[in-house]
Amino acid sequence: MLYEYVPVETRGMFECSDPLLNEIHRTALHTLHLNTREFFLDGIKRDGWVWSGDAYQAFLMNYYSFFELDAARRTIVALRGKDPVVKHINTILDYSLYWFISLHDYYLYTGDAEFVRRYYDRAVTLMDRCLEQRDAEGFLVGRPRDWVFVDWADIENTGAVSAIQLLFARSLEAMGALAELAGDESAAAFYGAMFGEIRDKTIRLFWDDERGGLVHHRVDGVNRPAITRYANMFALIFGYLNPEQRESVVRRVLLNPDVPKIRTPYMRFHEMAALLEAGLHDRVLEEIRDYWGGMLRLGATTFWEEFDPSLPDDAHDQMYGMPFGKSLCHAWGAGPVYLFGRYFLGVRPTLPGYAAYRIEPNLGGLAAVKGTVPTPRGRIAVEMDREKIRVESSFGRGTLVFASRGRPFSEDGEIRPLGGGRYEMMIEAGRSYTVAYTPLQ
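Keep in mind that what you see is a predicted model, and the values were worked out from it rather than measured. (Residues numbered from 1 in each chain as written. Predicted model: local features only at pLDDT ≥ 70, side-chain atom pairs only at ≥ 80, totals over all residues. Heavy atoms only, no water.)

K.L.:
Provide a residue-level description of the overall build of the protein, including the pertinent values.
P.N.:
When its secondary structure is counted, the protein shows 13 helices and 15 strands. Its C-alpha atoms give the protein a radius of gyration of 21 Å, within 12% of the compact-globule value 22 Å for 441 residues. For the C-alpha atoms alone, the extent of the protein along its principal axes is close to 65 × 55 × 50 Å. Here the protein holds 441 residues, and 57% of them are scored as buried. Restricting to contacts in the protein with at least 6 residues of sequence separation, those with at least 24 account for 67%. As displayed, the protein offers around 18600 Å² of accessible surface, 49% of which is attributable to carbon and sulfur atoms. Side-chain charges of the protein comprise 50 positive and 60 negative groups, with the mean position of each set lying 2 Å from the other. (Helix = DSSP H or I, 4+ residues; strand = E, 2+ residues; numbered from the N terminus. Rg over C-alpha atoms; globule rule 2.2 N^0.38 Å. Buried < 20%, exposed > 50% of the residue type's maximum accessible area, 1.4 Å probe, protein only. Contact = heavy atoms within 4.5 Å. Areas by Shrake-Rupley, 256 points an atom, 1.4 Å probe, with all protein chains shown as cover. Lys, Arg positive; Asp, Glu negative; His and termini not counted. Charge placed at Lys NZ, Arg CZ, Asp CG, Glu CD.)

K.L.:
Run through the side chain of D18, naming residues and quoting values.
P.N.:
Following the sequence through the fold, D18 ends up in the loop between β1 (13-16) and α1 (19-34). If we skip the residues at most four places from it in the chain, D18 touches R289 and L366.

K.L.:
Explain the pairing of strand β9 (residues 368-375) to me, and be specific about the residues and the numbers.
P.N.:
Within β9, six of the eight residues are buried, which leaves the element mostly enclosed by the surrounding structure. Pairing between β1 and β9: four bridges, direction antiparallel. Its bridge partner lying in β9, F14 is registered against G371. Judged from the eight bridges that link them, β9 and strand β10 (residues 378-385) form a sheet pairing that is antiparallel. Among the inter-strand pairings, V369 is bridged to a residue of β10, identified as M384. Counting the residues between successive antiparallel strands, the hairpin from β9 to β10 contains two residues. (Pairing = 2+ DSSP bridges.)

K.L.:
Break down the packing of helix α12 (residues 281-297) against helix α13 (residues 336-344) for me, citing the residues and quoting the values.
P.N.:
α13 packs onto α12 with a crossing angle of 165° between their chain directions and a minimal axis gap of 12 Å. It follows from the interaxial angle that α12 and α13 lie roughly antiparallel. In this structure, α12 meets α13 at a crossing whose hand is left-handed. Residues H281, L285, I288 and W292 of α12 pack against P336, L339, F340, Y343 and F344 of α13. (Axes fitted to C-alpha atoms, helices over the stretch in contact; angles between N-to-C directions. Parallel < 35°, antiparallel > 145°, perpendicular 65-115°, else oblique. Left-handed = near helix turned anticlockwise from the far one by under 90°.)

K.L.:
Now, about the sheet that holds β1: what can you tell me, with residues and values included?
P.N.:
Spatial strand order, β1-β9-β10-β11-β15: five strands in an open sheet with antiparallel pairing. Whereas interior strands pair on both sides, the edge strands pair on one side only; in this sheet they are β1 and β15 (432-436). The average undirected angle you get between the axes of adjacent strands in this sheet is 10°. Of the pairings in the sheet, the one linking β10 to strand β11 (residues 388-393) comprises five bridges and is antiparallel in character. Paired with V382 across the strands is V391, a residue of β11.

K.L.:
I'd love a proper account of the environment of V161, names of residues and values included.
P.N.:
Within the secondary structure, V161 is located in strand β2 (residues 160-161). On the basis of relative accessible area, V161 is assigned to the buried category, the value being 1%. Beyond its immediate stretch of four places on either side in the chain, V161 contacts V148, V150, F206, H216 and H217.

Don't take any of this as a statement about function, it's just geometry.
What follows is the structure in structure tokens.
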């Protein structure tokens with residue numbers, strides 16, 4: 001048997017006190033590795049192809065595992081292709097939008113300004129096409145040959161789809177930052193103003209007080225009554241909601257069993273991130289044990305393209321109306337790699353290339369978590385149990401943020417109170433820090 005693979009180095013690690021979660025992380029990492037080739041592929045069983053929505057998630061997982069930048073750059077370039085723009089990336093409207101966000105994420109995690117400047121012009125021409133596809137209200141809508149995907153689900157994506165508008169707003173926000181990086185000041189101002197307009201108009205016009213969230217779509221300027229999780233979780237992740245709206249979306253949409261459930265790891269990635277942004281770490285760990293652990297219980301050795309736990313055990317291989325049509329090794333199934341690193345180790349860059357970063361670890365009810373997160377010039381190590389937090393970094397300047405019931409203590413640096421039982425400590429490169437604290441629960 002021949003085994004073809006990219007010899008990447010696993011630079012990010014995660015381990016915790018729950019053996020099942022450790023097995024889920026190992027399986028997710030294996031799934032991502034198998035789909036890391038010349039590009040970040042969607043799946044090795046069926047398509048073996050480069051899809052922008054799939055790649056968007058693979059990029060984020062990669063930043064917390066391999067930090068394989070050659071494959072990331074090749075994938076970004078291949079997805080965009082050449083000018084002129086005659087169709088959307090992969091013919092899918094939302095997949096063009098993920099490309100803008102991916103390019104900005106690449107800069108944030110790597111600090112590679114040269115690469116971004118080289119492809120800024122192609123970002124402009126792709127955005128020009130998007131701007132040409134707005135309806136009378138200014139919303140981005142699909143044309144007859146466009147595929148408005150969102151997710152594999154029984155949903156109607158006609159008219160202006162709220163999830164698309166939020167991805168459009170996020171893309172404009174990214175383009176403003178990219179234009180500033182490229183020295184295109186007039187474009188930066190234009191994209192910034194357009195971002196604010198689309199964001200605010202989307203929240204205002206799609207919001208439904210009775211349902212407590214954003215409805216799925218509006219046609220000819222009239223909201224349709226259906227509500228789904230998609231736009232609501234994007235709005236929460238992107239930080240576009242006020243505190244009252246955030247609370248309503250979490251309680252009345254994301255935790256509401258009457259709102260249709262998500263069947264794909266693709267959108268469960270975003271759903272879990274939204275719940276984690278809301279601080280529901282305990283709930284998310286239960287969801288991960290049930291959903292990704294459910295695939296393991298059925299014998300999975302890699303994670304799948306789709307998983308509906310309500311199906312009989314012998315009905316999980318079919319998809320697209322075909323027996324054995326489902327991809328059983330799909331990159332978007334590897335979401336726990338990102339979720340564990342970003343929200344439980346709690347590491348994220350706040351300036352490009354980790355020149356500055358934030359560490360906000362969270363046990364989520366576990367006894368202990370530990371791991372490392374790769375950066376362009378080293379790594380950040382985090383370890384947390386119910387008594388101590390230990391962090392160490394080889395590059396950049398960080399901020400450790402944590403909660404403690406009692407007054408925390410450290411001999412390694414000054415701890416400053418933030419209020420509400422939260423504290424912060426500055427982290428310098430090349431030093432180790434230990435904090436004694438008392439968990440809130």
